[in-house]
Amino acid sequence: MEAILKLFNVSKSFGRKKVVDNISFEICAGEVFGFLGPNGAGKTTTIKMIMGFLSVDEGDVYINGFNVKKDYEKAMSNIGGIVENPEMYNNLSGLTNLQMYARLHDGVTKQRIDEVVTLVGMQNRIKEKMKKYSLGMKQRCGLAQAILHKPKLLILDEPTNGLDPAGIRELRDILKKLAQEENVAVFVSSHLLSEMELMCSRVAIINNGKILGVKTVKELLADATRAVIHRFMAKPVEKAVEILTPQYGSLIKTITDDYIDIEAEGDKVSEITALLATSGIGILGVSKIETSLEEAFINMTGGGNYIA
Amino acid sequence: MRKLIALYTNEMIKISRKISVIIILGIMIIGVIGFGGLMKLQVSMNPGNNNYLSQNMQFQKEEMDRQLDSFKGRLSEIKQQKASATGADLMNLESEERSIQNQIDKLQYAKTMDIILFSSSYRAQAIEMLFNYKETVNQLNSMPAASLTQEQKKQLEDAGNYISRLEKAIKNKDFKEYISVSNDQINNNTFISTEEKKISLESNELRLKYNLKGEENSFPNSMDSLIWQIESGKRSLLYNIDYTSQTQKPLSSELREKIKNGVAVNVYKIEKGIIGKNSNTGMNPEELAMPGMVGFGSFMLVILVMILAGGSISQEISTGSIKSLIISPTKRWKIFIAKVVSLLTIGIIGALLLYIVAILTNGAFFGFGSGTPYVYAVNGVAKELGFNIYQFAKLFAGFIDIMLYMTFALMLSIVTRNTAASVGISIAVFFGGSIVNSFLPLFAKGEWLKFIPFNNLSFSTRLFPYDTLNQIMDQGSSGMVSVVNNSILFSLCYIAVLIFCMGYTAFDSFNRRDI
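Residues numbered from 1 in each chain as written. Chains lettered and ligands numbered in written order. Predicted model: local features only at pLDDT ≥ 70, side-chain atom pairs only at ≥ 80, totals over all residues. Heavy atoms only, no water.

Asks: Quick question: what am I supposed to make of the domain arrangement of chain A here?
Replies: When its domains are assigned, chain A resolves into domain 1 (3-223) and domain 2 (226-289). Computed from C-alpha coordinates alone, the two centres of domain 1 of chain A and domain 2 of chain A are separated by 45 Å. (Domains from an automatic or database assignment.)

So, in structure tokens, the structure goes:
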């Protein structure tokens, strides 16, 4: 699959501080690619470089094969995006804003505008002035504007900002649909790890301006998982602990008033369950605790509470 | 190219929906109409200087009476004194008696003819001349006939001649006869040179040709002062010294050309009867209406342009809407050009709007044919520019000033990225700069004064130097006459360079900087 976006040894400094340090990665058509990193890691800077807000100090950015420095217009015509909050002209209507944007691109017809407006669900309110929109509505308009000209690469920086849960799910569905049905490469940067987990196929993690790794979500979780933990909800808990300690004491991770977390998987789980049951302990539930992306993320990025 | 047009269209949509634009244009229109109305009100409240005139005439008649009484009083005093005087004193008294009697006769004669002596009407002048001659005659007649020299006899004869001719002219209201008397006087005057005679005779010819009688009901008499200007111009050309101003310095070739053109313009004005109602003092409300309206309107227009230019980029950056512009596949210079052209467009639209509203208002209040055309001269040949065209040209000459301020505000907007600062600084420079500039020559001297931008603006005044009202209004607004005299070409080039430098700074900054 051809790379729609390619960063090759890209660096950027603000003054003496190197904010983005020699990063390289590729995104292919049809995939949803996540960009993760703590605050100050260089995410927004990288995105701004791709979108033409900032100049690239070193290295090259290729969009659909075109170098942003050399073929600016050709490269940029393949991108749509939202950086931080989508800002459009407040005293004009949503529709006028879209029309103005359409004018700057080739081949955006009136039908396309209507199509996109319906896709984001704004068909009833699109003719009102933007200053009357709620944040969620503005986000939808921003998304509409971003996909208006059928870009091959869609770049989103914190797209779920301000959306209600239904909106978040809708967005997720739209993005997946774009990736799967229209083969759009979607590049998402977000803090909402749970969302990323649900949406992305691959993820790049950045910290201190450097890429720490580019993997599929599964790989990432797998790497971070040290052991599988099962949660046994038992009553009474103290007695359960007593019973389990001789054989599985070292595997017990956490004890609370309601449950015990034990490092165990497969047959061992059924063993422990059987043991508890036959000892007269009431078993309320047994569930597998997945290592979350948050765990993996914080582990990979060192979990520091300072800004780089 | 298509992208540029698309960007430009977008910019115009943005501008046209801004409330501030609509409000300022609205204020401009209302202000223009209001000012015109104010002037109209002034005119209708003083129905002509007629009221003023007739009051003045009344006052002058009373003054004549007052003088008459005072002379009569003096006369009776003298009669008394004569009773007890002798010798030289007696002779003096008798001489004074004669002259006072002459004054009394003159005043009474004027009263019978219903002529006000202090006016500039030709009949009043004629009466003065008449009684001057009568006095001469009286004086000569008082001397024993035998003692008169040949010369004095001739003088007596001539005086007698003039007296009868003048009496005829006054009684029959014969202007032609009066002029002919004046011409003879000039020709017989041995004290002035032939060339000077020629100048005075030419003036008389003008007076005769165009019937410039200086009647009582045109006050003050703009014809007379025009003729005076023509004469002093001609005299300056004759002697190569500047008699038209108070400096009386020798003429440079530039000044010479200027005076020659000035004379041509004035002669043309007389020939075509293009005299504003009081174009010398220039403070007639009707004359003030158009320049005042255009002046106010231009002022609002500059403010509008500065506000738009000052916010053009900085506002987009601060609201964040610049993002959608940058994301779109257009090179930055195209965005810049589109903004500049849209600003120029709104400036031109504003100026046209101002022009149309002002012309219509002027026409509605003062009549559509009433404007005086602009008379100018090139190489001593006078030409005329129609009123409407002239106002249009003047307005657009002022547009150059507007472009400079616009570029300045735009540059600030891009460099500082702060709308308030850009607009504030531009307005401060606009107001404060011209004030400071008018004071500066008091403290500083030197060549560098030439390069201050404010000394190179005001094209609407400098391109049309024959409009005296222009000069007065311009002086009024800036407070002082500019000491620095740059040629128009120099100023144009300098302003062009300034605009280019500021524009390039703005362009380069926008093109390269990170957002």
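Asks: What am I meant to see in the interface of chain A and chain B here?
Replies: Often the size quoted for an interface is simply the accessible area lost on bringing the parts together. With 29 residues of chain A at the contact, the number on the chain B side is 28 residues. Each partner contributes to the roughly 2600 Å² buried at the junction of chain A and chain B, and carbon and sulfur atoms together form 55% of this total. The tally of links between chain A and chain B comes to 3 salt bridges. As a salt-bridge pair, A:Asp106 and B:Arg2 come within 2.7 Å of each other at their nearest N and O atoms. Between the two partners, chain A and chain B, sit 11 residue pairs in polar contact (both at pLDDT 80 or more). Residue assignment for the side of chain A that touches chain B shows that the elements contributing at least two residues are strand 1 (3-14), helix 1 (43-51), helix 2 (72-76) and helix 3 (94-103) of chain A. Of all the elements, helix 3 of chain A adds the most residues to the side of chain A that touches chain B, at 4 residues. (Contact = heavy atoms within 4.5 Å. Buried area = accessible area lost by both parts, 1.4 Å probe. Salt bridge = Lys/Arg side-chain N within 4 Å of Asp/Glu carboxyl O. Polar contact = N/O pair within 3.5 Å; in protein donor to acceptor, adjacent residues only side chain to side chain. Helix = DSSP H or I, 4+ residues; strand = E, 2+ residues; numbered from the N terminus.)

Asks: Can you help me understand helix 15 (residues 387-397) of chain B in this one?
Replies: Helical periodicity: at 3.6 residues per turn, an α-helix aligns residues three or four positions apart in one direction. For helix 15 of chain B, every residue scored as buried is listed here: B:Phe387, B:Tyr390, B:Gln391, B:Lys394, B:Leu395 and B:Ala397. Within helix 15 of chain B, the buried residues cover an arc of 160° as seen down the axis, which keeps them to one side. (Buried < 20%, exposed > 50% of the residue type's maximum accessible area, 1.4 Å probe, protein only. Arc of directions from axis to C-beta.)

Asks: Explain the packing of helix 6 (residues 150-171) of chain B against helix 7 (residues 175-188) of chain B to me, please; I cannot follow it from the model alone.
Replies: Axes are the key here: two packed helices are described by the angle between their axes and the distance separating the axes. All names here are of chain B. Where helix 6 contacts helix 7, the two axes come as close as 8 Å, and the packing angle between them is 150°. Of the possible angle classes, the one that applies to helix 6 and helix 7 is roughly antiparallel. Crossing of helix 6 over helix 7 shows left-handed handedness. Contacts between helix 6 and helix 7 involve Tyr162, Arg165, Leu166 and Ala169 from the first element and Glu177, Tyr178, Ser180, Val181, Asp184, Gln185 and Asn188 from the second. Across the contact of helix 6 with helix 7, the residue classes tally to 5 nonpolar, 3 polar and 3 charged. (Axes fitted to C-alpha atoms, helices over the stretch in contact; angles between N-to-C directions. Parallel < 35°, antiparallel > 145°, perpendicular 65-115°, else oblique. Left-handed = near helix turned anticlockwise from the far one by under 90°. Nonpolar A, V, L, I, M, F, W, Y, C, P; charged D, E, K, R; others polar.)

Asks: Before we go on, may I ask you to explain empty space enclosed by the protein in this structure?
Replies: Once rolled over the atoms, a probe with the size of a water molecule shows which space is left empty. Residue and element names in this part refer to chain A. All chains considered together, the criterion is met by 5 cavities of 30 Å³ or more. In this structure, the largest cavity occupies an estimated 120 Å³ of space. What lines the largest cavity is Ile82, Val120, Gln139, Arg140, Leu143, Pro159, Leu163, Gly167, Glu170, Leu171 and Ile174. Among the secondary structure elements, those contributing two or more residues to the lining of the largest cavity are helix 5 (135-147) and helix 6 (165-181). Counting residues per element, the lining of the largest cavity draws most heavily on helix 6, at 4 residues. Classifying every residue of the lining of the largest cavity by side-chain character gives 7 nonpolar, 2 polar and 2 charged. (1 Å grid on protein atoms, 1.4 Å probe; cavity = no way out; pocket = protein on both sides within 12 Å on 5 of 7 lines; lining within 4 Å. Points joined across faces, edges and corners; volume = space filled by probe spheres on them.)

Asks: Sorry if this is basic, but what is going on with the sheet that holds strand 2 (residues 17-28) of chain A here?
Replies: Hydrogen bonding along the main chain pairs the strands of a sheet, whether they run parallel or antiparallel. Pairing in this open sheet of 4 strands is antiparallel, and the strands run 2-1-4-5 (chain A) from one edge to the other. Taken across any chain shown, the strands that pair with only one partner, and hence form the sheet edges, are strand 2 and strand 5 (66-67) of chain A. (Pairing = 2+ DSSP bridges.)

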